[in-house]
Amino acid sequence: MKVCKFGGSSLANASQINKVMDIVLADPTRRIVVVSAPGKRFDGDTKVTDLLISLANAALKGENTDREFGAVIERYAEIAQELNLGEEIVRKIEMDMMDRVAQVGKLSEPEFMDLMKAAGEDNNAKVVAVAFEARGKKARYASPKETGLVLTGEFGNATIDPDSYATLSRAFSDFEGIVVYPGFFGYTKEGKVATFPRGGSDITGSILAAAVCADVYENFTDVDSVYPCDPRIVPEVKNGEGIATMTYREMRELAYAGFGVFNDDAVIPAVRARIPINIRNTNRPSEPGTMIQQSRRVIPGTVVGVASADGFINIVVEKYLMNREIGFGRRLLQVLEEEGISYEHMPSGVDSQCVVVKEQFLPKDREHKIIAAIKKHVNPDFVTIERDLTMLMVVGEGMCYTPGMLAKACLALASAGISMSMVNQGSSEVSFMIAIRSQDRDAAVSALYKAFFG
Ligand code: ASP
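Trainee: Run through the environment of L83, naming residues and quoting values.
Mentor: Position of L83 relative to the elements: it lies in the loop between α3 (66-82) and α4 (88-101). Distance from L83 to E133, taken between C-alpha atoms, is 11 Å for residues 50 residues apart in sequence. Apart from residues no more than four positions distant in its own chain, L83 is found in contact with A14, I17, N18 and A131.

Below is the structure:
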């Protein structure tokens with residue numbers, strides 16, 4: 001069985017929904033269809049989720065909500081009309097929306113916001129189920145409540161209650177035909193609607209794929225495959241080949257450095273259950289897309305992708321004979337721990353220790369306090385803070401045991417006149433990381449792309 005998730009752009013209007021149905025019906029093993037809310041129909045359009053957030057905000061402020069309410073209904077009415085689904089489904093959505101808006105003041109603000117945001121996927125799943133039926137296919141809408149998708153944690157940032165997997169697995173074993181399931185939300189133990197973070201329909205798809213032990217989790221979006229580097233930085237990457245297969249490990253390393261494949265949370269359930277993930281294009285379903293799985297055939301000396309992430313800071317601490325001082329590293333990290341700063345990497349020299357952190361944890365106005373605390377606890381000769389660093393990440397299982405991979409990257413950067421601030425290669429040898437000044441980022445990514453894929 002396959003679990004397929006379709007993103008908002010794949011469901012933005014009737015013609016996109018028709019494509020979705022064609023894709024699902026082309027393969028009888030595509031049994032569970034997870035849907036997002038309708039997304040943007042064109043550049044500059046507004047996603048239904050964003051319309052719902054505006055509606056919720058207006059209701060919370062006690063303002064007249066007619067305009068925002070109308071904008072949401074309009075989107076579904078347009079889809080229903082173009083698909084010839086009749087008036088009834090639109091009336092049901094209108095009733096549902098009225099019930100939700102009427103909860104303002106009865107729920108806390110975060111609870112109300114989640115109830116409103118969830119309406120996008122919930123009503124879209126109902127529309128898509130009716131659209132399958134209109135084509136004469138056996139299909140049903142299934143709700144997270146009836147199937148037992150229980151969430152915990154913060155509203156708007158919820159996580160799955162692990163007991164849900166068993167309940168979901170039992171619930172799905174009874175269903176026949178195609179099941180259309182809304183992404184992005186579930187219910188708390190108390191029966192309140194709670195949502196995952198934005199983009200969370202990917203998480204729902206991954207959870208269901210794990211719960212039913214799917215053969216594959218197909219994630220349909222609007223790209224043919226994952227590119228080996230960011231096309232906004234290197235546009236010509238679109239003329240070359242996309243990534244056919246990558247391992248979970250490679251995906252994790254690339255995602256860490258800002259690769260927009262998936263966010264980590266989205267894939268955890270599928271990865272833990274070892275379900276292969278296939279990223280595919282709704283607009284070009286004949287393309288095989290990118291397969292992400294536990295292992296793959298690897299050609300030695302090749303890399304799968306080059307990623308870059310901005311916003312890093314390096315705290316450089318120097319002290320003569322540091323290597324003889326027992327407890328130096330612990331005391332240094334304790335300063336960060338007490339300040340609630342998580343660190344990313346810790347490259348060291350004989351008498352120097354660097355700690356790389358993300359800029360968001362150490363804004364300029366906290367710098368003074370942190371330096372003072374480091375001086376107090378480790379009594380260094382110097383402490384300096386380097387800002388505006390970018391981490392370049394070169395990733396590929398094929399790098400393992402292949403000499404010259406780092407040399408190739410260094411040569412490419414040197415030829416482009418880019419100086420490296422730091423190099424870090426983990427013991428897995430599946431990636432190495434190079435820190436550079438952020439102003440050199442685009443040139444560096446282009447140089448690395450040319451060196452490894454050109
Ligand atoms: N509709 C939600 C959002 O826009 C969730 C999703 O599309 O995955 O964030």
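Trainee: Describe the packing of aromatic side chains, naming the residues involved and giving the relevant values.
Mentor: Enumeration according to the criterion identifies five aromatic pairs in this entry. Relative to F220, the ring of F6 lies with its centre 4.7 Å away and its plane at 15°, an arrangement referred to as stacked. Here F6 is found in strand β1 (residues 2-6), whereas its partner F220 is found in strand β9 (residues 216-221), with 214 residues between them in sequence. Since its relative accessible area comes to 0%, F6 is described here as buried.

Trainee: I'd love a proper account of the sheet that holds strand β17 (residues 422-425), names of residues and values included.
Mentor: The antiparallel open sheet is built from six strands, whose spatial order is β14-β15-β13-β16-β18-β17. Unpaired on one side and paired on the other, β14 (343-345) and β17 mark the two borders of the sheet. The average undirected angle you get between the axes of adjacent strands in this sheet is 40°. Where β17 lies against strand β18 (residues 431-437), four bridges are found, and the strand directions are antiparallel. Bridging from a neighbouring strand, V423 pairs with I434 of β18.

Trainee: Run through the site of the ligand, naming residues and quoting values.
Mentor: In the neighbourhood of the ligand, the contacting residues comprise S36, K47, T49, E121, F184, R198, G199, G200 and S201. Between the ligand and the protein, one listed contact pairs an oxygen atom with a side-chain N or O atom of R198 at 2.6 Å. Backbone polar atom of G200 to an oxygen atom of the ligand: 3.4 Å apart, as the coordinates give it. Here the ligand, which alone exposes 260 Å², has 93% of that area covered by the protein.

Trainee: Pulling in residues and values, what's your account of the side chain of T49?
Mentor: Relative to the helices and strands, T49 resides in helix α2 (residues 48-60). For T49, a relative accessible area of 7% corresponds to the buried category. If we skip the residues at most four places from it in the chain, T49 touches A37, E121, F184 and R198.

Parameters at a glance
Residues numbered from 1 in each chain as written. Predicted model: local features only at pLDDT ≥ 70, side-chain atom pairs only at ≥ 80, totals over all residues. Heavy atoms only, no water. Helix = DSSP H or I, 4+ residues; strand = E, 2+ residues; numbered from the N terminus. Contact = heavy atoms within 4.5 Å. Phe/Tyr/Trp six-rings, centres within 6.5 Å; stacked < 30°, edge-to-face > 60°. Buried < 20%, exposed > 50% of the residue type's maximum accessible area, 1.4 Å probe, protein only. Pairing = 2+ DSSP bridges. Axes fitted to C-alpha atoms, helices over the stretch in contact; angles between N-to-C directions. Near = heavy atom within 4 Å. Polar contact = N/O pair within 3.5 Å; in protein donor to acceptor, adjacent residues only side chain to side chain. Areas by Shrake-Rupley, 256 points an atom, 1.4 Å probe, with all protein chains shown as cover.

These results come straight from atomic positions and should not be treated as a statement about function.
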